Amino acid sequence: MEIDTIDDKEFDIPQVDTPPTLESILNEPEDEEEPFILEDTCLLNTENIDAHSCETSSLASSDSGDRTHLKRKRKTVELSTTVHGSVLRHSILKGISAQIVSAAVNLNQALRLCLGSTATGAEYGAVSALSINHDCTRLLCGFAKGHITMWDLANGKLLRTITDAHPPGTAILHVKFTDDPTLAVCNDSGGSVFELAFRRLMGMRTCESRCLFSGSKGEVCNVEPLLTAPDLKDHPITQYSLLAMASLTKILVIGLKPSLKVWMTFPYGKTDPTSVPQLAWQFVPVQKVVNPVLAFCRGDTVHFLLVKKDETGTIHVIKQRQLQLNCDIISLNVSWINSRTLVVMDSGEKLRVVDRPSQEELESLDVAEVQLVYNSSHFKSLATGGNVSQALALVGEKACYQSVCSYTGQMVLLGTKSAHILTLRNWRERVDCLLKQERFVEALSLAWSFHEGTAKAVLGLFGDPAKRKGVVADKMIEILFQYVERSVKKCPEHGKIQVMEQHFQDMVPVMVDYCLQLQRTDLLFNQLYTRLVENCVARGVFLESLEPYIVSERLGCVTAPVMRDLLTHLQDNNMMDSVENCLIHLDITSLDIQQVVQMCWDNQLYDAMIYVFNRGMNDYITPMEVVMGNKLLVYISCSLAGRAYPLGDIPEDLVSQVKNQVFEFLIRLHSAEAGQEEELYPYIRTLVHFDTPEFLNVLALTLEDFKNDKQALEYQQRIVDILLKVMVENSDFTPSQVGCLFTFLARQLAKPDNTLFVNRKLFDQVLEFLCSPDDDTRHTERQQVLLELLQVGGVIQFDEGRLLGLAEKAEFYQICEFLYEQNHLYDKILDCYLRDPLRKVIFNYIHNLLSMPGYSSEEKHCVWEKALLHIAELVTLDPAKSADLVAMHFPEEVRPIITRLQVSRHGPLVCSSLVALFLWQQVTNLPLLRLSPDLHELHIGLLCRFTPRQLTDFLKASQDYRLEEAVQVTSLHYSIADPVYGKGKLAEIQGLILGMLETFNYEQTLLETTTSLLNHDLHWSLSHLRAAVSRGLHPRQDHCNICLQQYRRRQDSPDDIIIFSCGHLYHCQCLQRKGSGHAEPRLLQVWSCYKCISSQRGRGGDRVTTETGRGRSTSLAQVKTHISLRLHRATKNSKTNPILVKSEVLHTIN
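Residues numbered from 1 in each chain as written. Predicted model: local features only at pLDDT ≥ 70, side-chain atom pairs only at ≥ 80, totals over all residues. Heavy atoms only, no water.

By the naming in an unreviewed UniProt entry, the protein goes by VPS8 subunit of CORVET complex and is assigned to Oncorhynchus mykiss. UniProt, in its Sequence similarities (unreviewed entry) section for the protein, records the words "Belongs to the VPS8 family." (UniProt positions renumbered as here; feature names shortened; annotations may be inferred.)

Laid out in structure tokens, this is it:
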């Protein structure tokens, strides 16, 4: 939509000599051809315009420059996405007189056609600020040249002209009434804020001005007084007449009454200097109490401050949760549409509707077409010469304070060619806007949010919650009828069947879902299904879409025709799993029992059949006669526990009856159709054969659930007796099954509240059966069964001595271990580990028992001795783990252990253990184990005998063997001169030994020679040093080489004189000032000749270093030393010669 510039000549607008009054304009008859209307731009063209915004080209005002063209892309809304629809209605004001329009868009003229005159406009400049009081009787106008006028809106009379309210030469940026009609505030381009108090004395209208904030302390660019609605005029905060001020660095909240008081300051922090500070007040209900909240921002973060007064009268300003937006906000004056909805404008001229509690953006509306008027010229104070700071002028580039305002939920935007109004749509308009674009899914989602009270920015819904839900539900039913008609009429008639199926799969589930949410199954089955059944594809999609709702129990009752169609459709498409899932979740009254039972028998749908028998006929026995397997065990467990199968609960009045029926079924002697060959108790026998542990678990659960039920306990004792008779006297059961029975019995008998009775002789029979030495089959299984029986408390049922004897004969070493551990015979457990070939955790057991607390010293010692006794067997099991064990717990017994292995003629074992010990020592490098050289040499000999290929690596890696003895040991096995050993691996050993001998002789000679040279060098150095220290020194000059004063003439100074071996003389203080001395730990002070060091640095600093390095690298005697003499002057006889007091060796090496 484009609005062309209005040309006076084109429209033949005559010159107006006398400006019309406000009364004449208001009484002017409307033109019938061009009436005054509110035009909704969002409904002009629903095909090309997005429902959320009106896409236009951006044309900014001349003050702020061009804006970037920003356009929104349409987004697809999914079912799970929150839909808000079009929240704002954008309208354009039309039909105002052409003269008024022409004058209104002329930014260089004052608004003289309505109020004032041409002369007034030329004198005061352009209107820069407007404010109307709460009863719309007074208008305050601020002008670009700093004047302020007050007008009577009833007759257009000028009441006051204020010229001295603020410093001259500054433009009025803001002028605003407070709740008090005699009090207003203004803000000028100098950054100052003034209070305007209107008085009328003796018929004279006056205005008193008071400075509230000086621009010299920080320029204020926005002010906002707290205005109260009529229904909140008695609020306790209103008596303070609050005023919020926004400077370039912080926010201030002050109270104007009863006296001026600063309530709070809040700094922005680091912000963009071009961002515009914004302020907006709103009364918001917080915890059922309405209090004012100040929203302020500069940049992209909106802060909220809650102002409240407690019971004691204390005022509190509390910071609330802030709102983070990804945009630069240039207007918050639009601000609060209501207490929950906030509207802001960013620098891209987009209005953003935000829900404050959830911080969710509801809509983004592009208003670039408005061509918003900016206040840049007034912030730059161009009418008065531009005497403003650069910071304020920079903020003014985006300032549009006077072009955007809000009143009673409406927002007015002042453009260069027209005025625009934006208001909240009511809930019905938002839904209809989506319907006009045929976005039925989004419309239903939005309507449902209104129904549930989760929608944001809601307008137009009144009454109690039930009434509101009823109104919205009627609207949703209307939408559903439109949606089903559209789905049928716009169904693709040509192409693949999959296209038609996809068409209905996108639409039908939506209808079903919302009908069920509205609890309108009558609408779903009687009207929507009747319309969809005309299309066979739509009918199938509808029936299949019911399954998830039936399974989730959102749909419990289906009409008989629909149920019949559903079962037929699923059966025809071989979807029997879906049939069973649906049947067990539906109300039994909606089923045709005969049809369902026949279908279940034919297709073996046992879950559905059990459900129909239980719920439809109260028959809990018949299913057990035909159902077998795990399903039967679960069914029995549920029936005994009072739960229905497969879901739900048995009615309370039938629980006891069902329980007794199940017990009677289990203990029957014969089945209903028993033959002559049928054994006794067929049902229990079959269940035990099928899964003994699970059947016993079911019995265990019943014992827990019916502890106080006497009849149930009698049934349980009867079942246990039957199990003992069937399983102990019958050889068809495996040891595991028999063990499971007695494990179950042992658990029950061990409980303090046990009520079962079992003959103890039966346990003895089971023990003999499991420990039979003549039966070698299932040895591990029988041992494991007996171990589990003992672990659950069955040990009290046996004689311990007899049990141990039987376990040893049957080689049940785990049983023996269990009994030994009960009696703390830990050393005998080692015998069990050594005898059991399947268990090799003996090393961990020994280590844990010897290391962990909780065992007595006697017990540990017994285990220690037992392990030492069987060390050969341990080395045979695992040499590496044996080495770890020896190193950790037997470090002092290494030699006896090796000796014992040698005596037993276990040469390979000795070799293996030593290899492991040496490897352990190399890897850990811990001081726990130190192997003597003789063990190294013994190891070398064993390597020569058993593993000669490892000898070379050991000789290279080890450093602890003695060379001569190693040579002797190897010579016992190898002759070095024998030519046989000159080839292959033996040649390598030969070369290694000869090389070792040669290296030994060379190193011994080198050590002796080096010692002799060092002794000679040290003697020579000490003799020369003694000679240098005892030699006297004579200075080259009689004056200091730094201050150039003769030392003989400085009689008044007690300073020391320092002479170096080079002949240079210095005062001690002179050297200290030049930094030529430093302290060392062993000497009081170390000095260096300043002149020599300076000359060396001039020739190159590297030379000194080179000489020093050379001196250190040649000999200690070549180090050149300097000697300094510290001389003291004689205080009594000035003509005497210097006296040699002391000599010091200075460690300065040149």
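Having seen the structure, we can now continue with the description.
A. Region of interest: the overall build of the protein. A count of helical and extended segments in the protein gives 42 helices and 31 strands. Considering only contacts in the protein between residues 6 or more positions apart, those separated by 24 or more positions represent 59%. Put simply, the protein shows about 59,700 Å² of open surface, and 51% of that area lies on carbon and sulfur atoms. (Helix = DSSP H or I, 4+ residues; strand = E, 2+ residues; numbered from the N terminus. Contact = heavy atoms within 4.5 Å. Areas by Shrake-Rupley, 256 points an atom, 1.4 Å probe, with all protein chains shown as cover.)

B. Region of interest: a nonpolar patch on the surface. Among the surface-exposed residues, Leu-1018, Leu-1022, Leu-1025 and Val-1029 lie close enough to one another that they form a single nonpolar patch of about 310 Å² accessible area. Among the structural elements, Leu-1025 can be located in helix α39 (residues 984-1030). Relative accessible area serves as the criterion here: at 32%, Leu-1025 is assigned to the partly exposed category. (Patch = residues over 30% accessible without salt bridge, like charges linked within 9 Å, V, L, I, M, F, W, Y side chains within 5 Å. Salt bridge = Lys/Arg side-chain N within 4 Å of Asp/Glu carboxyl O. Buried < 20%, exposed > 50% of the residue type's maximum accessible area, 1.4 Å probe, protein only.)

C. Local environment of the nonpolar core. By size, the foremost hydrophobic cluster in this structure holds 169 residues, and its most contacted members are Phe-542, Leu-546, Leu-723, Phe-742 and Leu-786. Residue contributions to this core peak at 10 residues, all from helix α10 (residues 497-517). Setting aside residues up to four positions removed in sequence, Phe-742 forms contacts with Leu-724, Val-728, Leu-762, Phe-763, Val-766 and Leu-789. (Core = buried A, V, L, I, M, F, W, Y, C linked by side-chain atoms within 4.5 Å.)

D. Up close: the environment of Leu-248. With respect to the helices, strands and loops of the structure, Leu-248 is situated in the loop between β12 (242-247) and β13 (250-255). Here Leu-248 falls in the buried class, since its relative accessible area comes to 14%. Among residues more than four places away in sequence, those in contact with Leu-248 are Glu-219, Cys-221, Tyr-268, Arg-298, Ala-391, Leu-392 and Val-395.

E. View of the packing of helix α28 (residues 813-822) against helix α29 (residues 826-835). Their axes nearest at 9 Å, the elements α28 and α29 cross at an angle of 170°. Of the possible angle classes, the one that applies to α28 and α29 is roughly antiparallel. Packed against α28, whose contacting residues are Tyr-813, Cys-816, Glu-817, Tyr-820 and Glu-821, the element α29 presents Tyr-826, Lys-828, Ile-829, Cys-832, Tyr-833 and Arg-835 at the interface. (Axes fitted to C-alpha atoms, helices over the stretch in contact; angles between N-to-C directions. Parallel < 35°, antiparallel > 145°, perpendicular 65-115°, else oblique.)

F. The arrangement of the packing of aromatic side chains in detail. For the structure shown, the criterion picks out 14 aromatic pairs. Ring centres 5.1 Å apart and planes at 65° place the aromatic pair Tyr-240 and Trp-263 in the edge-to-face group. With a gap of 23 residues between them, Tyr-240 in the loop between β11 (220-225) and β12 and Trp-263 in strand β14 (residues 261-267) connect regions that are remote in the sequence. When sorted by exposure, Tyr-240 lands in the same class as Trp-263, which is buried. Ring geometry for Phe-440 against Tyr-483: centres 5.3 Å apart, planes inclined by 20°, an arrangement best described as stacked. Of this pair, Phe-440 sits in helix α8 (residues 440-452) while Tyr-483 is found in helix α9 (residues 465-489), placing the two residues 43 residues apart along the sequence. (Phe/Tyr/Trp six-rings, centres within 6.5 Å; stacked < 30°, edge-to-face > 60°.)

G. Up close: the pairing of β12. By the criterion of burial, β12 is predominantly enclosed, with 6 of the 6 residues buried. Every second residue of β12 is oriented toward a common face, with Leu-242, Ala-244 and Ala-246 on one face and Leu-243, Met-245 and Ser-247 on the other, all of them buried. Judged from the 5 bridges that link them, β11 and β12 form a sheet pairing that is antiparallel. Across the sheet, residue Val-220 finds its bridge partner in β12, namely Ser-247. Note that β12 and β13 share 5 bridges and pair antiparallel. Bridging from a neighbouring strand, Met-245 pairs with Leu-252 of β13. The hairpin turn running from β12 into β13, its antiparallel successor, is 2 residues long. (Pairing = 2+ DSSP bridges.)

H. Expanded view of the sheet that holds strand β10 (residues 204-213). Strand order in this open sheet of 4 strands is β7-β8-β9-β10, and the pairing throughout is antiparallel. At either end of the open sheet lies a strand with only one pairing partner, and these are β7 (172-177) and β10. Across this sheet, the average inter-strand angle for adjacent strands is 25°, counted without regard to direction. In terms of strand pairing, strand β9 (residues 193-201) meets β10 through 9 bridges, oriented antiparallel. From the neighbouring strand, Ala-197 faces β10, where its bridge partner is Glu-208.

I. How the structure looks around helix α19 (residues 630-641). The first and last C-alpha atoms of α19 sit 17 Å apart over 12 residues, in line with the 16 Å expected at 1.5 Å per residue. Turning to α19, its buried residues are Leu-632, Leu-633, Tyr-635, Ile-636, Ser-637, Cys-638, Ser-639 and Leu-640. In the stretch just after α19, Gly-642 is the one whose phi turns positive, near 85°. (Expected span 1.5 Å × (residues − 1).)

J. A look at the sheet that holds β12. If you walk across this open sheet you meet the 4 strands as β11-β12-β13-β14, and the pairing is antiparallel. With partners counted over all chains shown, the strands left at the sheet margins are β11 and β14, one partner each. Adjacent strand axes in the sheet meet at a mean angle of 20° when their direction is disregarded.

K. Here's a closer look at helix α12 (residues 536-545). Burial runs high along α12: 7 of the 10 residues are buried. Among all positions in α12, only Val-537, Ala-538, Gly-540, Val-541, Phe-542, Leu-543 and Ser-545 are buried. Buried residues belonging to α12 abut α10, α11 (521-532), α13 (547-551) and α14 (560-572). A side-chain oxygen of the first residue of α12 lies 2.9 Å from the backbone nitrogen of Val-537; this N-cap is Asn-535. (Polar contact = N/O pair within 3.5 Å; in protein donor to acceptor, adjacent residues only side chain to side chain.)

L. Fine view of the pairing of β14. Two elements, β13 and β14, share 6 bridges in a ladder whose sense is antiparallel. Bridge assignment links Lys-250 to a residue of β14, and that residue is Pro-267. Taking the residues between adjacent antiparallel strands as the criterion, β13 and β14 are bridged by 5 residues.

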